[in-house]
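# Fold and geometry: a report
Chain by chain, the residues run as shown.
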Amino acid sequence: MAGRLSFANITALAPMVRVGTLPMRLLALDYGADVVYCEELIDIKMVQCHRVENEVLQTVDFVAPDDRVMFRTCEKEKQKVVFQMGTADPERALTVARLVEKDVAAIDVNMGCPKEYSTKGGMGAALLSDPDKVEAILRKLVGGVSVPVTCKIRILPSLEDTLSLARRIEKTGVAAIAVHGRFKEERPRHPVHCDYIGAVARAVAIPVIANGGSLDLVKTHGDIRAFKEATGSTSVMLARAAMWNPSIFRSAGPLPLHDVMIQYLKYALRYDNHAFNSKYCLCQMLRDKVESVLGKRVQAAQTNRELSDAYGLEDLFKETQKQLEARRDALLSPEWRQDNVITMDGDVTTMALKFQRREYPPQLTPKMFLLEWSRRQKMEQPTYQTVQRAQDRAFQSTVTVEDRKYRSSLWEKSKKFAEQASAVVCLRSLGIPEGRVGAETDAWPQKRKMEDNRDAEEKRKKQTVDADGEPETGGL
Ligand code: FNR
């Protein structure tokens, strides 16, 4: 099919947990990467996600039931981004692949992650010793999606076994195989086995993407060609070299790291990247300078604003926020406003609306959104005053926020619903999204809610970094 992503003669950004999020992928593309892999995303988590077109950020988000954005992508990378998944189940793999296929250029399966987290579920490197499963997953994907399918493997202890696995993989119809030239037990510090990669490249006709050279073989852009030659591969995939300085992809030579970090941050702000993720990536770039004055400020930062301040980008932060807010306002169309006519009843702002429980996700309510918003604005907590009328025992609630009152003119069957309705009136009349299911403009606060989950997120990150500084879910 015309326009299908080719894996021949490419230099790719390797899949990397936490590193391979949208800002890093876009930056790698700017610097010259031909293909960018996202971080590995586990099928069990992805199947629960729903696809949201985020009109404010102009992205497509795959959002988990707890409102975490698991995968964010955009038009700019659509022809170049490979979605990597962790899976041990052909059916589930296909469900996930179909969920994302129209937003990505290819689908990859991680068959090399040696971490227990992956292998105990039969994923990652566990697949290397189950070629029937490998074949079943890849055949299912190749037959079930319209985009190219690839996989990323490690080498097996015997060269013969490695080659026979590669030949079997080729027969499934995949477009390419990425080979990380290390055995399952080897750590990233061990030398890469270029001879094994070379043997695979000779054994199959499809492109082989050589991987594993960052530590000692690929230090500059010029080394990429040497690594290709050493491995007999047409293509190369870089992980750590790109994580330390994404401008490794520049044929004109790398840029000063400070400039690269600023470009990274610009993308992070533009795409409302989670501050803890941005911080992680910046710390990888700072490397041994993480204890410098700048490094300490980056480490201490809790928000995108604080990260921007650390780099002297306060104005850029404000400007980006202003642009995003303006886009959000523009999205509140005149038609939408007409359906939500605001009238004043004395000093109370009113709208005629009922709270529709089914319009909101189970764990989110407008009251929660309003509370979260007021906290962010450093306002007093909203207060609710509810009355019940005698004739039908129905309820009506008035919420006060910053001395302003809001309520629905329609009465509700319960106190709880009446409070929610008044919260909706407040949020709508102030133009703050309220978290309704399927309302694209509501994707915006979902990202904000993510920041509230940051303690949990931080905890998770601490747990998933092992002694080598390698994440549990990565390290292939
Ligand atoms: C990885 N790696 C990895 N591999 C993979 O298939 N999926 C993933 O999500 C991850 N995650 C990940 C995170 C981080 C921080 C690192 C450093 C590595 C492995 C990576 O893609 C690559 O195979 C190895 O790092 C070897 O390549 P380099 O680093 O020598 O270029």
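Residues numbered from 1 in each chain as written. Predicted model: local features only at pLDDT ≥ 70, side-chain atom pairs only at ≥ 80, totals over all residues. Heavy atoms only, no water.

### Notes on the packing of helix α7 (residues 194-203) against helix α8 (residues 222-231)
Two elements in contact, α7 and α8, have axes whose closest approach is 7 Å; the angle formed by their N-to-C orientations is 70 degrees. On the basis of the axis angle, α7 is roughly perpendicular to α8. Along its contact with α7, which presents C194, I197, G198 and A201, the element α8 presents F227, A230 and T231. Of the residues that constitute the contact of α7 with α8, the class distribution is 5 nonpolar, 2 polar and no charged. (Axes fitted to C-alpha atoms, helices over the stretch in contact; angles between N-to-C directions. Helix = DSSP H or I, 4+ residues; strand = E, 2+ residues; numbered from the N terminus. Parallel < 35°, antiparallel > 145°, perpendicular 65-115°, else oblique. Contact = heavy atoms within 4.5 Å. Nonpolar A, V, L, I, M, F, W, Y, C, P; charged D, E, K, R; others polar.)

### Topic: unusual backbone geometry
In this structure, Q58 is a non-glycine residue whose phi angle is positive, near 60 degrees. Under the relative-accessibility criterion, Q58 is labelled partly exposed at 47%. In this model, R287 sits at a positive phi of 45 degrees, which is unusual for a non-glycine residue. (Buried < 20%, exposed > 50% of the residue type's maximum accessible area, 1.4 Å probe, protein only.)

### Here's the deal with the pairing of strand β11 (residues 208-211)
Covered by surrounding structure in β11 are V208 and A210 together with I209 and N211, the residues of both alternating faces. In terms of handedness, the path from strand β10 (residues 176-183) via α7 over to β11 forms a crossover that is right-handed. The sheet contact formed by β11 and strand β12 (residues 235-238) spans 3 bridges and is parallel. Directly across from N211, in β12, lies its bridge partner M237. Crossover β11 to β12 through α8 is right-handed. (Right-handed = clockwise from strand over helix to strand, strands pointing away. Pairing = 2+ DSSP bridges.)

### Comments concerning helix α17 (residues 415-430)
For α17, built from 16 residues, the straight-helix expectation of 22 Å at 1.5 Å per residue is met to within 8% by its first-to-last C-alpha distance of 23 Å. Taken across its 16 residues, α17 has 12 buried, putting it largely inside the fold. Within the span of α17, buried status applies to F417, A418, E419, Q420, A421, S422, A423, V424, V425, C426, L427 and R428. Following α17 by one or two positions, G431 has its phi on the positive side, about 75 degrees. (Expected span 1.5 Å × (residues − 1).)

### Regarding the pattern of salt bridges
Taken as a whole and assessed by the stated rule, the structure comprises 21 salt bridges. For the salt bridge of R92 with D43, the shortest nitrogen-to-oxygen distance reads 3.1 Å. Placement of the pair is R92 in helix α3 (residues 90-100) and D43 in helix α2 (residues 43-46), with a sequence separation of 49 residues. The exposure class assigned to D43 is buried, which follows from its relative accessible area of 0%. Across the salt bridge formed by R168 and E135, the nearest N and O atoms sit 2.6 Å from each other. Of this pair, R168 sits in helix α6 (residues 159-171) while E135 sits in helix α5 (residues 131-144), and the two are 33 residues apart along the sequence. Judged by relative accessible area, E135 falls into the buried class, the value being 18%. Taken together, the salt bridges that share partners define one network made up of D132, E135, R139 and R168. (Salt bridge = Lys/Arg side-chain N within 4 Å of Asp/Glu carboxyl O.)

### Considering the sheet that holds strand β6 (residues 69-73)
Across a sheet, paired strands are connected by hydrogen bonds in the backbone, their directions being either parallel or antiparallel. Across the sheet, which stays open at both edges, the 3 strands sit in the order β4-β5-β6 with antiparallel pairing between neighbours. One side of each edge strand has no neighbouring strand; the edge strands of this open sheet are β4 (50-54) and β6. Looking at each pair of strands side by side, their axes are set apart by 25 degrees on average, direction ignored. Inspection of the sheet shows β4 paired to strand β5 (residues 59-63) by 5 bridges, in the antiparallel sense. Looking at the pairing, R51 lines up with F62 of β5.

### Observations regarding the nonpolar core
Ranked by size, the top nonpolar core spans 114 residues in total, and within it F7, M46, F83, L141 and Y311 carry the most contacts. Here this core gathers at least three residues from each of two domains, domain 1 (11-252) and domain 2 (256-331). What F7 contacts, discounting residues up to four positions off in sequence, is V35, Y37, V82, A106, P148, T150, A175, A176, P207, I209, T234 and S235. Counting residues in hydrophobic clusters, the runner-up holds 19 residues, among them Y360, W373, V399 and F417. (Core = buried A, V, L, I, M, F, W, Y, C linked by side-chain atoms within 4.5 Å. Domains from an automatic or database assignment.)

### Some details on α8
Turn by turn, an α-helix covers 3.6 residues, leaving residues three or four places apart pointing in a common direction. Regarding α8, the residues found buried are I224, F227, K228 and T231. Viewed end-on, α8 has its buried residues packed into an arc of 100 degrees, placing them on one side of the element. Exposed side chains of α8 directed beyond 90 degrees from the buried face belong to G222, R225 and E229. Elements that come into contact with the buried residues of α8 comprise β1 (11-13), α7, β11 and β12. Looking one or two residues beyond α8, the residue adopting positive phi is G232, at roughly 60 degrees. (Arc of directions from axis to C-beta.)

### Thoughts on the environment of M24
When you line up the elements, M24 lands in helix α1 (residues 22-31). Between the C-alpha atoms of M24 and L13, which are 11 residues apart in sequence, the distance is 9.1 Å. Once residues within four sequence positions are removed from consideration, M24 is found in contact with L13, V19, A242, M243, P246, Y264, C281 and M285.

### A few points about the packing of aromatic side chains
One pass over the structure, following the stated rule, counts 6 aromatic pairs. A ring pair is formed by F71 and F83, whose centres lie 5.1 Å apart and whose planes are at 75 degrees; its orientation type is edge-to-face. Of this pair, F71 sits in strand β6 while F83 sits in strand β7 (residues 81-86), and the two are 12 residues apart along the sequence. For F71, a relative accessible area of 2% corresponds to the buried category. Its relative accessible area of 0% is what places F83 among the buried residues. (Phe/Tyr/Trp six-rings, centres within 6.5 Å; stacked < 30°, edge-to-face > 60°.)

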